[in-house]
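# Structure at a glance
The chain contents come next:
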2 protein chains.
Amino acid sequence: MDILELSCKSEYALLALLELAQHYSDGQVLQIKEIAAHQSIPDRYLEQLLATLRRQGLVRSQRGAKGGYSLARAPWQISLWDVIQAIEGEDLTRSRDLPSADLTPEREVLLKAWQDAQTAAVAILQKTTLQDLCDRQAQQQQARLMYYI
Amino acid sequence: MDILELSCKSEYALLALLELAQHYSDGQVLQIKEIAAHQSIPDRYLEQLLATLRRQGLVRSQRGAKGGYSLARAPWQISLWDVIQAIEGEDLTRSRDLPSADLTPEREVLLKAWQDAQTAAVAILQKTTLQDLCDRQAQQQQARLMYYI
DNA sequence: ATGATACTCCGGTTTTTCACTGGGGTTTAG
DNA sequence: CTAAACCCCAGTGAAAAACCGGAGTATCAT
């Protein structure tokens, strides 16, 4: 039962960035097709996501042949929350539609409680970086290896 | 920027229960129309929500003329999370569509982080009860009164 | 130079979800 | 017995989400 809904968009973006993070030390770019194929993401869709990630300053792109994408910052300097914000928040320039007339005291107190819960979740997402995810994955693969011995 | 999205359904249900909570001591039932009018909720829609809340054991209903709804438990025994689960989770009987084939290690570690964030949010929602919300609202109205003196 | 490659921009389509509505029942007070 | 209220189930319209396509532009290899 999820109440925190990980949208397709965000999941794809995070997976792509995770893959870029894994090759960060290589100093080499990855192409859309590679990432898409490796993570089973529709490539033309991923293209859009990487474009917004670029506009938001999370990745760098290199055009032309032998082009591709790379992280704009180090993996430990990019939190999951950074990514979510970049993806979900871009065209979310529409200000809160609060007619304030129908924001009854009931709604107000309810909304407050809701935001408390949200804040707690965001705190976790802010403190977790792409590096953390890479580490955990490596650790898990290690565990799997041990299992086979 | 919300990532924790409070759906209309849940908001309506919580508002309705909050209103029922406010009249809990009266030992009297409230009718759909009353609640709907008071909270600006489409009544035929609220009807469905109250029906599922009844099936989930959160409210009692009394049929026939002079009928209506009342809380099945005391307001301090109903957490916000209880309500969310009842509303969002009812027809969510569909088991996780996990072909497990395309649950790559990347997705796995990502999902884990996501659930950590979700757990943090749920903890807040679990420890907050309808009673808490009633209290806060009363407190806030008190504050408003002081302001006018 | 030039062709192939791969990103870029912009728009369209399809699928799914959401909020809401309607119609015909059943129960119960008076 | 009748009117008021809950009950069940099914449909609909709009909006968002996910995805696809085409024409353009930069860049590298040769």
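If you're wondering where the values come from, they're calculated on a predicted model, not measured in any experiment.

Let us look at the nonpolar core. Leu17 and Leu53 of chain A together with Leu53 and Val83 of chain B are the most contacted members of the largest nonpolar core, which totals 86 residues. With sequence-adjacent residues up to four places away left out, Leu53 of chain B is seen in contact with Ala13, Leu17, Leu58, Val59, Val83, Ala86 and Ile87 of chain B.

Here we come to the protein's contact with DNA strand D. Around DNA strand D sit 27 residues in total, of which Cys8, Arg44 and Gln48 of chain A together with Ser61 and Tyr69 of chain B are the nearest. The separation between a phosphate oxygen of DNA strand D and a polar main-chain atom of Cys8 of chain A is 3.2 Å. If one sorts the elements of the surface near DNA strand D by residue count, helix α3 (residues 43-55) of chain B sits on top with five residues. A breakdown of the residues in the surface near DNA strand D according to their chemical character gives eight nonpolar, 10 polar and nine charged.

With that out of the way, let us pick up the protein's contact with DNA strand C. In the vicinity of DNA strand C, 27 residues are found, and the nearest of them are Gln31, Ser61 and Tyr69 of chain A together with Arg44 and Gln48 of chain B. Considering the 4 Å shell around the protein, atoms of DNA strand C inside it are sugar or phosphate in 62% of instances. For DNA strand C, a phosphate oxygen lies 2.7 Å from a polar atom in the side chain of Ser61 of chain A. Separating a sugar or linking oxygen of DNA strand C from a backbone N or O atom of Gly64 of chain A is a distance of 3.3 Å. Counting residues per element, the ones that place at least two in the surface near DNA strand C are α3 (43-55), β1 (59-62) and β2 (68-71) of chain A together with α1 (8-22) and α3 of chain B. The dominant element in the surface near DNA strand C, judged by the number of residues it contributes, is α3 of chain A, at five residues. In the surface near DNA strand C, the residues fall into eight nonpolar, nine polar and 10 charged.

Residue and element names in this part refer to chain A. Under the counting rule described, the total for this entry stands at two aromatic pairs over all chains. Ring centres of Tyr12 and Tyr45 lie 5.9 Å apart, and the angle between their planes is 85°; this geometry places the pair in the edge-to-face category. In this pair, Tyr12 sits in helix α1 (residues 8-22) while Tyr45 sits in helix α3, placing the two residues 33 residues apart along the sequence. Classification of Tyr12 as buried rests on a relative accessible area of 12%.

Taken together, the contacts link 45 residues of chain A with 44 residues of chain B. Of the roughly 4,600 Å² buried at the junction of chain A and chain B (both faces included), carbon and sulfur atoms supply 67%. Of all residues in chain A, the largest losses of buried area upon contact with chain B belong to Met1, Leu4 and Trp114 of chain A, amounting jointly to 17% of the total for that side. Across the chain A-chain B interface, the total number found is four salt bridges. For the salt bridge of Arg144 of chain A with Glu108 of chain B, the shortest nitrogen-to-oxygen distance reads 3.6 Å. Elements with a contribution of two residues or more to the side of chain A that touches chain B: α1, α2 (32-39), α4 (80-89), α5 (105-127) and α6 (130-148) of chain A. In terms of residue count, α5 of chain A provides more of the side of chain A that touches chain B than any other element does, 17 residues in total. Of the residues belonging to the side of chain A that touches chain B, the class tally is 24 nonpolar, 10 polar and 11 charged.

Thresholds applied
- Residues numbered from 1 in each chain as written.
- Chains lettered and ligands numbered in written order.
- Predicted model: local features only at pLDDT ≥ 70, side-chain atom pairs only at ≥ 80, totals over all residues.
- Heavy atoms only, no water.
- Core = buried A, V, L, I, M, F, W, Y, C linked by side-chain atoms within 4.5 Å.
- Buried < 20%, exposed > 50% of the residue type's maximum accessible area, 1.4 Å probe, protein only.
- Contact = heavy atoms within 4.5 Å.
- Near = heavy atom within 4 Å.
- Polar contact = N/O pair within 3.5 Å; in protein donor to acceptor, adjacent residues only side chain to side chain.
- Helix = DSSP H or I, 4+ residues; strand = E, 2+ residues; numbered from the N terminus.
- Nonpolar A, V, L, I, M, F, W, Y, C, P; charged D, E, K, R; others polar.
- Phe/Tyr/Trp six-rings, centres within 6.5 Å; stacked < 30°, edge-to-face > 60°.
- Buried area = accessible area lost by both parts, 1.4 Å probe.
- Salt bridge = Lys/Arg side-chain N within 4 Å of Asp/Glu carboxyl O.

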